[in-house]
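Next come the chains, spelled out residue by residue.
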Amino acid sequence: MAVRRRHRPGILVLAGWLAVAPFGAGAWAQAGEAPEAPRAAEGREIDRVVAIIEGQVLTRSELEFETRVAFIERGAVQAAVAPLDDETLRGALELVIGQRLQVLSADRLEAFAAEQAEVEERLGRFRERFESEEAFQAFLARSGADVGQLSEVLERSVRAERILDSRIRLRAQVTEAEAKHYFQQHADEYPQGYEAVKGRLRDKLFQERYKALAAEELAQVRDSAQVRRVAPFAREARR
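Just so we're clear, the structure is a prediction, and the values are computed from it rather than from any experiment.

Undergrad: Where do I start with the sheet that holds strand β1 (residues 49-53) in this structure?
TA: Read from one edge to the other, the open sheet built from three strands follows the order β2-β1-β3, with strand pairing classed as antiparallel. The open sheet terminates on both sides in strands that have one partner only, identified here as β2 (56-59) and β3 (227-229). Taken pair by pair, the neighbouring strands of this sheet meet at an average axis angle of 20 degrees, ignoring direction. Set on the sheet, helix α3 (residues 60-73) makes contact with β1 and β2; between it and β2 the angle comes to about 70 degrees. Across the sheet, helix α4 (residues 86-109) is in contact with β1, β2 and β3; its angle to β1 comes to roughly 30 degrees.

Undergrad: Explanation requested: the pairing of β2 in the structure shown.
TA: Consecutive side chains of a regular strand alternate in pointing toward one face of the sheet and then the other. Two elements, β1 and β2, share four bridges in a ladder whose sense is antiparallel. Bridge pairing in β2 links I53 to Q56. As consecutive antiparallel partners, β1 and β2 are separated by two residues, and within that stretch E54 has a phi angle of approximately 50 degrees, a positive value.

Undergrad: It is not clear to me how the packing of aromatic side chains should be interpreted in this structure. Could you clarify?
TA: One pair of aromatic rings is described through two measures. These are the centre distance and the angle between the planes. In this structure the tally under the stated criterion is nine aromatic pairs. On the numbers, 5.8 Å between centres and 25 degrees between planes, the contact of F65 with F139 is stacked. In this pair, F65 sits in helix α3 while F139 sits in helix α6 (residues 133-143), placing the two residues 74 residues apart along the sequence. On the accessibility criterion, F65 (8% relative accessible area) is buried. The exposure class assigned to F139 is buried, which follows from its relative accessible area of 0%. Judged by centre distance (6.4 Å) and plane angle (40 degrees), the rings of F183 and Y190 are tilted.

Scoring rules and cut-offs
- Throughout this document, residue positions are counted from 1 along each chain, in the order its sequence is written.
- The predicted origin of the model limits local features to residues at a pLDDT of at least 70 and limits the giving and counting of side-chain atom pairs to 80 or more, whereas totals for whole chains, interfaces and linings rest on all residues.
- Excluded from the side-chain calculation are hydrogens and water; included are all heavy atoms of the structure.
- For two strands to count as paired, DSSP must find a minimum of two bridges between them.
- Secondary structure follows DSSP: runs of H or I at least 4 residues long count as helices, runs of E at least 2 residues long count as strands, and numbering of each begins at the N terminus.
- Axis definition: a line fit to C-alpha positions, over the contact stretch in the case of helices; interaxial angles, taken between N-to-C directions, run 0 to 180 degrees.
- Only heavy atoms enter the contact rule, under which two residues are in contact if any of them lie within 4.5 Å.
- Centres within 6.5 Å make a pair out of two Phe, Tyr or Trp rings, where for Trp the six-membered ring is used; the pair is then stacked when the planes are under 30 degrees apart, edge-to-face when over 60, and tilted otherwise.
- Note on classification: 1.4 Å probe, protein chains only; a residue is buried when its accessible area is under 20% of the maximum for its type, exposed when over 50%, partly exposed between these limits.

Given below as structure tokens:
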């Protein structure tokens, strides 16, 4: 008997975040092509504050780094060097705000700690996205970060995914009756019959419901928190 694979929370949670906070540069991420990185400007711009999240400052360099990490985790390794426009950063900001608020809430309750082994596994998978260790280290150097900072970002992601998953997974479950009702409404799309596709239909409906619930949950978290968007492109995200 075939066993239905349980979806990894991280994949579905990220999908939920992206549903509510789409990345402006997602087209090149999906197409596998990136615009040419701009030449380095003379001198270096002083880091700017993008947002203040429950009293914690988020700088542009931090946002850019976490945006690139999110893209690379999805397989878009070209994000390691591609320029990030304001539209992309607007979408990524909502992802970062959601993650940080989830973790801050868990910290107050001393809950949902990430296992070190899980973080190391995530770090290992991230590293493997690059063609070589040299390319991985070059990404960190360009970002002004080290493995410790990357691990912190990945740990926050692991914890945020787990927190969100704990809140919505049960509500996202799909019953046999719901799957059958969907099939009856779309029977012409599945000529092989209900029994042959019911597992796939339940997976499809579960993922759709999960994404919608994730978007709702994260919107509520952001709306009830003290978040000040400082950068002009960040303020535009709420208009």
